[in-house]
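# Summary of structural features
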Amino acid sequence: MVAYAAVNRGLVLIALACALIACGTSADPAGQTLAGIQQRGEITWGADIQGGEPFVYEDPQNPSQLIGFEVDIMNGIARRLGVKARMVQYTWSNLVPSLERGDFDVVMNGLESTAERRERILLSDPYYVYAETLTVRAGEPYRSLFDLTGRSVGTLNQTVAHDILLAIPTIEPKVYEGNEEPYRDLELGRTDGVLLDNIIADRYGCINKALRCLPYDVARGVYVIGIRKGDADLKKAIDGALAEMRKDGELQKILEKHKLWDHRQTEQQTGGGITRPARSFDGEMLWQFLQAAWVTLKISLLAFLLAVPLGMLLAVGRVYGATPLRVAARIYIEVFRGTPVLLQLFVLYYGLSDVIQLGPMEAAILGLGLNYAAYEAEVYRGALLAIPRGQSEAARALGMGPWQTLRHIMIPQALRLALPPMTNDFVSLLKDSSLVSVITVIELTKRMTIAAVDMRGWLIPGIACAAMYLLLSFPLSELARRLERRLARDQRPHTL
Amino acid sequence: MISVRTLSKRHGDRQVLKDVSADVAKGETIAIVGPSGGGKSTLLRCLNYLETFDEGTVEIAGFKLRPNMTSRADIATIREMRVRVGMVFQQFNLFPHLSAIDNITLAPRIVKQEAPGKSLERGLELLAKVGLRDRAGAFPHELSGGQQQRVAIARALAQQPDVMLFDEPTSALDPEMRDDVMEVMKDLAAGGMTMLVVTHEMQFAHDIASRVWVIDQGTIAEDGPPSQVVDNPRTAVAREFFSRIRK
Ligand SMILES: Nc1ncnc2c1ncn2[C@@H]1O[C@H](COP(=O)(O)OP(=O)(O)O)[C@@H](O)[C@H]1O
Ligand SMILES: [Mg+2]
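Residues numbered from 1 in each chain as written. Chains lettered and ligands numbered in written order. Predicted model: local features only at pLDDT ≥ 70, side-chain atom pairs only at ≥ 80, totals over all residues. Heavy atoms only, no water.

## A few points about the overall build of chain B
Scanning chain B from N- to C-terminus turns up 9 helices and 10 strands. Its C-alpha atoms give chain B a radius of gyration of 18 Å, near enough to 18 Å, the size a compact globule of 247 residues would have. Its C-alpha atoms put chain B at 50 × 45 × 30 Å along the principal axes. When burial is assessed residue by residue, chain B has 57% of its 247 residues classed as buried. Excluding contacts between residues fewer than 6 apart, the proportion of contacts in chain B whose partners are at least 24 apart in sequence is 62%. Carbon and sulfur atoms make up 46% of the accessible area of chain B, which amounts to about 10500 Å² in all. (Helix = DSSP H or I, 4+ residues; strand = E, 2+ residues; numbered from the N terminus. Rg over C-alpha atoms; globule rule 2.2 N^0.38 Å. Buried < 20%, exposed > 50% of the residue type's maximum accessible area, 1.4 Å probe, protein only. Contact = heavy atoms within 4.5 Å. Areas by Shrake-Rupley, 256 points an atom, 1.4 Å probe, with all protein chains shown as cover.)

## Section: helix H4 (residues 116-129) of chain B
All names here are of chain B. In a regular helix each residue adds 1.5 Å, so 14 residues correspond to 20 Å; H4 covers 20 Å between its end C-alpha atoms and thus fits that length. Considered for burial, the residues of H4 that qualify are Ser119, Arg122, Gly123, Leu126 and Leu127. End-on view of H4: buried residues confined to an arc of 145°, all on one side of the axis. The outward face of H4, more than 90 degrees from its buried face, is lined by the exposed residues Glu121 and Glu125. Structurally, H4 contributes buried residues whose contacts are with helix H3 (100-110) and helix H5 (145-157). One or two steps after H4, the chain reaches glycine 131, where phi turns positive at roughly 80°. (Expected span 1.5 Å × (residues − 1). Arc of directions from axis to C-beta.)

## Some thoughts on the state of the cysteines
All names here are of chain A. Applying the stated criterion across every chain yields a total of 1 disulfide over all chains. What pairs with cysteine 206 in a disulfide is cysteine 213, and their sulfur atoms sit 2.0 Å apart. On the S-S bond that ties cysteine 206 to cysteine 213, the torsion sits near -95°, and the link is left-handed. (Disulfide = S-S within 2.5 Å.)

## Side note on the side chain of aspartate 192 of chain A
Mapping aspartate 192 of chain A onto the fold places it in the loop between helix H7 (181-187) and strand S10 (193-197). At 2.7 Å, the side chain of aspartate 192 of chain A forms a polar contact with the side chain of arginine 137 of chain A. (Polar contact = N/O pair within 3.5 Å; in protein donor to acceptor, adjacent residues only side chain to side chain.)

## Points about the pattern of salt bridges
Residues and elements named next belong to chain A. In this structure the tally under the stated criterion is 41 salt bridges over all chains. Residue glutamate 478 is joined to arginine 482 by a salt bridge in which the shortest nitrogen-to-oxygen separation is 3.6 Å. Note that glutamate 478 and arginine 482 are positioned in helix H18 (residues 459-487) at a spacing of 4 residues, about one turn of the helix. What makes arginine 482 exposed here is its relative accessible area of 52%. Within this structure, Arg318, Arg330, Glu334, Arg337, Glu378 and Arg381 form a network of salt bridges that share partners. (Salt bridge = Lys/Arg side-chain N within 4 Å of Asp/Glu carboxyl O.)

## Brief notes about the interface of chain B and chain A
On the chain A side, the residues contacting the 23 residues of chain B number 19 residues. Buried area between chain B and chain A, summed over both chains or domains, comes out near 2000 Å², and the portion from carbon and sulfur atoms is 62%. At the surface where chain B touches chain A, the tally comes to 1 salt bridge. Arginine 45 of chain B serves as the salt-bridge partner of glutamate 393 of chain A, at 2.7 Å between the closest nitrogen and oxygen. For the pair chain B and chain A, the number of links is 8 residue pairs in polar contact (both at pLDDT 80 or more). For the side of chain B that touches chain A, the secondary structure elements donating two or more residues are helix H2 (72-84), strand S6 (85-88), H3 and H5 of chain B. Here the residues of the side of chain B that touches chain A sort into 14 nonpolar, 5 polar and 4 charged. (Buried area = accessible area lost by both parts, 1.4 Å probe. Nonpolar A, V, L, I, M, F, W, Y, C, P; charged D, E, K, R; others polar.)

## Overview of a nonpolar patch on the surface
Residues and elements named next belong to chain A. Side chains of Leu343, Val347, Leu352, Val355 and Ile356 sit close together on the surface and give an oily, nonpolar patch of about 430 Å² of accessible area. Looking at the element boundaries, valine 347 is found in helix H13 (residues 341-351). Note on valine 347: relative accessible area 40%, which makes it partly exposed. (Patch = residues over 30% accessible without salt bridge, like charges linked within 9 Å, V, L, I, M, F, W, Y side chains within 5 Å.)

## What about the environment of aspartate 147 of chain A?
Along the chain, aspartate 147 of chain A turns up in the loop between strand S7 (128-137) and strand S8 (152-156). For aspartate 147 of chain A and leucine 186 of chain A, which are 39 residues apart along the polypeptide, the C-alpha to C-alpha distance reads 16 Å.

## Concerning the sheet that holds strand S4 (residues 55-60) of chain B
Residue and element names in this part refer to chain B. The 4 strands are arranged S2-S1-S4-S5 in an open sheet whose pairing can be described as antiparallel. Of all strands in the sheet, those bounded by a partner on one side alone are strand S2 (14-24) and strand S5 (63-65). For this sheet, the mean angle separating the axes of adjacent strands, direction not counted, is 20°. Here S4 runs beside S5; their pairing, made up of 3 bridges, is antiparallel. Note on S5: the bridge partner recorded for isoleucine 60 is phenylalanine 63. (Pairing = 2+ DSSP bridges. Axes fitted to C-alpha atoms, helices over the stretch in contact; angles between N-to-C directions.)

## Structural notes on the site of ligand 1
Residues and elements named next belong to chain B. Around ligand 1, the structure places His11, Arg14, Val16, Pro35, Ser36, Gly37, Gly38, Gly39, Lys40, Ser41 and Thr42. Between an oxygen atom of ligand 1 and a main-chain N or O atom of glycine 39, the distance comes to 3.0 Å. Contact between ligand 1 and serine 41: an oxygen atom at 2.8 Å from a side-chain N or O atom of the residue. Those elements giving two or more residues to the shell around ligand 1 turn out to be S2 and helix H1 (40-47). Of the residues belonging to the shell around ligand 1, the class tally is 2 nonpolar, 7 polar and 2 charged. (Near = heavy atom within 4 Å.)

## Examining the domain arrangement of chain A
Residues and elements named next belong to chain A. By domain assignment, chain A separates into domain 1 (23-126 + 224-266), domain 2 (128-221) and domain 3 (283-487). For domain 1 versus domain 2, the distance between C-alpha centres works out to 26 Å. Taken together, the 22 residues of domain 1 in the interface contact 21 residues of domain 2. In total, domain 1 and domain 2 occlude about 1700 Å² of area from one another, counting both sides; carbon and sulfur atoms represent 46% of this. (Domains from an automatic or database assignment.)

## Let's talk about unusual backbone geometry
Residue glutamate 53 of chain A is joined to proline 54 of chain A through a cis peptide bond whose omega torsion reads -5°. Locating proline 54 of chain A in the fold gives a position in the loop between strand S1 (42-47) and strand S2 (57-59). One non-glycine residue, asparagine 93 of chain B, lies in the positive phi region at around 55°. Relative to the elements of secondary structure, asparagine 93 of chain B occurs in the loop between S6 and H3. Residue classification places asparagine 93 of chain B among the buried residues on the basis of a relative accessible area of 12%. At glutamine 160 of chain B, a residue that is not glycine, the phi angle is positive and equals roughly 55°. When its relative accessible area of 39% is taken as the criterion, glutamine 160 of chain B is described as partly exposed.

## With respect to the packing of aromatic side chains
Residues and elements named next belong to chain A. Within this structure, the stated rule accounts for 16 aromatic pairs over all chains. With a centroid separation of 4.9 Å and an interplanar angle of 75°, the aromatic rings of tyrosine 90 and phenylalanine 104 are classed as edge-to-face. A residue pair is termed long-range when its members are at least 10 positions apart, and tyrosine 90 in the loop between strand S4 (84-89) and helix H4 (95-101) and phenylalanine 104 in the loop between H4 and strand S5 (106-107) qualify at 14 residues. An identical accessibility class is assigned to tyrosine 90 and phenylalanine 104; each is buried. One aromatic cluster is present, formed by Phe55, Phe69, Tyr127, Tyr128, Tyr130 and Tyr223 through successive ring pairs. (Phe/Tyr/Trp six-rings, centres within 6.5 Å; stacked < 30°, edge-to-face > 60°.)

## Observations concerning the pairing of S1 of chain A
Residue and element names in this part refer to chain A. Within S1, 5 of the 6 residues are buried, which leaves it mostly tucked inside the rest of the structure. Pairing of S1 with S4 involves 6 bridges; the strand directions are parallel. Across the sheet, the residue bridging to isoleucine 43 is alanine 85, located in S4.

Below you can see the structure in the form of structure tokens.
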């Protein structure tokens, strides 16, 4: 009876979980999205408010309210379809895959019309014509993209600007996820140019006195609404609504309201962007993966090399130090362990850039090292406390001082005890190192996401990425196992 | 060599040592006996300042110890004193990450800054003296309890001390291993080492010790040659203790 009740409760939980998951998606059967929208009386659109002003963002006066020119345009479309529009928050780089999965009806968030997107999903007629704008530091002589040969130029991931940069092999593209950071790094001299849509450049780059936007358009492109393959009738309905809005002046009014209306909107358009064929997992891709794996390994090893001695110092300070030292060590450990590494990396790379300017690799190694030191400190503290009291007594009775006792008796024994958890932490660090992609380092996981876009699929890059992580972590844990066996000869497992 | 004057120590409100005074001359071997909890270990550990005390003074190997030795100079004095006073523990306390010879040579090398060659040579001599010359490279876990304790004695001797303190050196050992350790201590005593040995080995107290102290409730209840203290104890506590031990 009891068992039956438990099973029953389990089933209810599973049913509940299924219901919750089902709620998250509004997937209509393929090709039925328009019918679904009309039935529900609502069109859901995916976007990322991190893209900020003027696309979709929280109203500063009333943060629960979303505003932006895309909100206004989508509301206009919805009105013409006789439904309401609701925005669904997604990470920008996941918008298209999530659309394909059926998480929402359409994508509208600065989505550029590119050949590869046209291959993958349906795209509406354009609602905005943008220009790729090159921004450089004021006072520097660059006049075109080609003057930046051999320099690094920032842009956003998965954009036409990124494709343009990739098409010029002598330029080293640096890929960001947010609108502000590329211009910040340009100002700090971490890059020599930023290539992005004029909308972003106008708001984040050209207004900065230290920067200068070149007056001509590097290229032009259009923003479109992304629609699932098979929903041709939905595309027709949206195109129809957009055409009406263009004709009756609503589109112009919306764009003027957001200070986005310019001469480009009425000019004849040329084809959008640069076409890059899908890549396959060839020798060059393998080489890129190997390079990324090397970056991951280098960051992890150096960060750990910093974390171990620092962690030991913190542990010794916490166990044996005088009160101020003990408190300081405790605060360090709590702060670094109690806040996300991601936040620490951001603060180190962007937040402190006025005080100290670190390269991305340095910031990555320092950030992960400082963070892991807090974890290692607790491992070593536990190990120090686990050493029998007789050990330090014997050392003192022989006339050894505190430092000699620590160095020759306590620390070697603590390290032996700490070896298994240390191995664990290193493997964990190896994987956490993927977080440093937020400060523009291209390591293994970042390479995988880039490759997934280039190859139009996640499976092969995902398997390659997983295999390389295993190839990195397995020899290390094997090495640690041997070291453990050699060092801890007397630590046989108990026979149970 | 040692003189203890009005030594007192409390643990909280528990008086562990009460006004203890005693003298030990160079070359003497003192067997310290008495019921468990009487304060034997505490007295021994006060002599090399592993335990602090509240009142009184200790003079040992030419160093003067008093309560509250915390200044920089005091701490240096304590360390110098410990080089001249060796200690052997009930649980051996060998360093498990070091081989037998490294256990022995570590302190001479880092505390007395002896040349490695010299400390190695003497370390091997000491191992030979305790009958373990062929186990120099062995790690503590590869040695029997009796062998470990003999290495621990060699480790203490490597600092060339004037006094050796032993706290129940054979209590953690199987009977058949005790003799080897006892043999080493007998040789040491015969060689003129000043020794204080907390022990339950009545044979050692009787045959080897020059004097026997019976410690009970924080005081030295009886102090005299074994023929007197062991064979004809005056106090009730000593009589009761010896009769229980003999059973
Ligand atoms: N750290 C301590 N805290 C409180 N009491 C202690 C401590 N160490 C020893 N004692 C007490 O001091 C007394 C003497 O202990 P000890 O010197 O170890 O006795 P012995 O060696 O004769 O068995 C015992 O009653 C013991 O309980
Ligand atoms: Mg004792």
